[in-house]
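What follows is each chain in one-letter form.
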Amino acid sequence: MNADHRVPAEDEATAAELALGLIEGEERAAALRRVLAEPAFAAAVERWRVRLAQLFDLWPDAVPPPELIDRIDASLDGAPRPATRRMPWPLIATIATAVAACLLVFVVARPDPVSPPPIAAEAPALVAGIAGTGTAERQVVGALYRPETGTLRVAASTLAPAGRVAQLWVIAGDAPPYPLGLLAADVTVIRLTPADRARIAAGATLAISIEPPGGSPTGQPTGPVVGTGGLSAV
Amino acid sequence: MPGWSRHDGRGFCNRRSRSTLPPVPDPAAARAHLGDLLIRTGSEDRAAFGELYDLTSAKLFGIALRICGDRAAAEDVVHEVYLLIWRRAGAWEPGRASPISWMATIARNRAIDWRRAAGVRAAQPIEAADAVPDPAPDALALAATGDERARLFGCMDGLDPRTRAAIRTAFFDGLTYREVAIREATPLATIKSVIRRGLIRLRDCLGREAAP
């Protein structure tokens, strides 16, 4: 339904700030949580994205050097990783990798019916620490995505109260959350469809909401969001 | 709808590479064509990917170049963006974002990520944001119908020049409030309230029409 659910002016401004990328840190995280929890707010962000995208038409074109397509073409054949020539992702990358490595240990150390993932895989594995939010006691749920098998493994959690289920979502950029599956109390391994795999990328956010048994009836989170965490390459 | 048959992929491509452009091709048909290329790219069709690159790389490189402020970095970003597009084309949903806005958004986000990771402060003064040319016919003017664009540009023009410049620089240079404040040498709280008020006015102006 695309009817214009009007949201208050202040919320409109916040939705626009998120769509433009003006806010950062905790302010941005809070707005992203609202995207998950409030469909009307998520729709407002989406409307701003569509509106602002019209400004791309004004962006002056610049022709890239002709050999760039060859570089891209060549890297499609090999390991599906961008060339990192001159790409200094200095401190952030180092910290992200260290955090990711810790999480990987955390996830892999759990009892596992599947063989442990090879760490030096061709495509990078992705990990996320889904940090508990709100009043729920603070816990971090580790998640590991293995591109070679297309499986997403989520550590055990006790986030869902009795009679409710924890549902996992992925948010790419400022797009609305997309459901990936329900989490068991024990370790959950979700085998993703090819379309879902395409949504899993470094920079995307994983989130967990509490839903009625069977999962959200609407396709968007209906219950409280109890945790969010960004995916990063190991 | 005027037939796309007159504008097959090659013709569109060739026309873009000439400097004197005939009138903009039917935007709906061009958008449908890009969508088709994106869907085929999602099924790992290399030829479709190549044509997609031909049609869109100048736009995406322009975005990366402006935000990164460095050709070599912009090349790396565009390289990475097309690999992301290759891998994620299957996630593009027709009916939501237009193909070019979906791709342009990825490019803008990656370029911003690069700049923040590299610790480079965007070099252009804020006045440069207004130097981005006014609407001109563009073969890739596919994001919206002419009406919607005209309305957005009209509403932007209705803002006072300082607010308009601040919103434009946030978009075109990919700046956060903090970065806009530094560049304008203005307190953060002031910038925030100027931009927020401007965004609400923009919304009110646009909101007189039905939502998309």
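Read on for a plain summary of the structure. (Residues numbered from 1 in each chain as written. Chains lettered and ligands numbered in written order. Predicted model: local features only at pLDDT ≥ 70, side-chain atom pairs only at ≥ 80, totals over all residues. Heavy atoms only, no water.)

Right, let's get into the packing of aromatic side chains. Per the stated rule, a full pass over the model turns up eight aromatic pairs over all chains. Between Trp59(A) and Phe172(B), the ring centres sit 5.1 Å apart and the planes meet at 70°, which makes this aromatic pair edge-to-face. You can see Trp59(A) sitting in the loop between helix H3 (39-53) and helix H4 (68-77) and its partner Phe172(B) sitting in helix H8 (residues 161-173), one on each of two chains. Since its relative accessible area comes to 2%, Trp59(A) is described here as buried. Under the relative-accessibility criterion, Phe172(B) is labelled buried at 0%. Here a set of aromatic residues connected by ring pairs shows up, and it is made of Phe56(A), Trp59(A), Phe171(B) and Phe172(B). The side chain of Arg34(A) reaches across the aromatic face of Phe41(A), ending 4.3 Å from its centre. Against the face of Trp86(B) rests Arg46(B), its NZ or CZ located 5.9 Å from the ring centre. (Phe/Tyr/Trp six-rings, centres within 6.5 Å; stacked < 30°, edge-to-face > 60°. Helix = DSSP H or I, 4+ residues; strand = E, 2+ residues; numbered from the N terminus. Buried < 20%, exposed > 50% of the residue type's maximum accessible area, 1.4 Å probe, protein only. Lys NZ or Arg CZ within 6 Å of the ring centre and 35° of its normal.)

A few words now on the packing of helix H4 (residues 71-88) of chain B against helix H5 (residues 99-118) of chain B. Residue and element names in this part refer to chain B. Across the interface, H4 lies against H5 with an axial gap of 9 Å and an inter-helix angle of 135°. With respect to H5, the axis of H4 lies oblique. Both H4 and H5 take part in a crossing whose hand is right-handed. Where H4 approaches H5, its residues Ala 73, Val 77, Glu 80, Val 81, Tyr 82, Leu 84, Ile 85 and Arg 88 are matched on the opposing element by Trp 102, Met 103, Ile 106, Ala 107, Arg 110, Ala 111 and Trp 114. (Axes fitted to C-alpha atoms, helices over the stretch in contact; angles between N-to-C directions. Parallel < 35°, antiparallel > 145°, perpendicular 65-115°, else oblique. Left-handed = near helix turned anticlockwise from the far one by under 90°. Contact = heavy atoms within 4.5 Å.)

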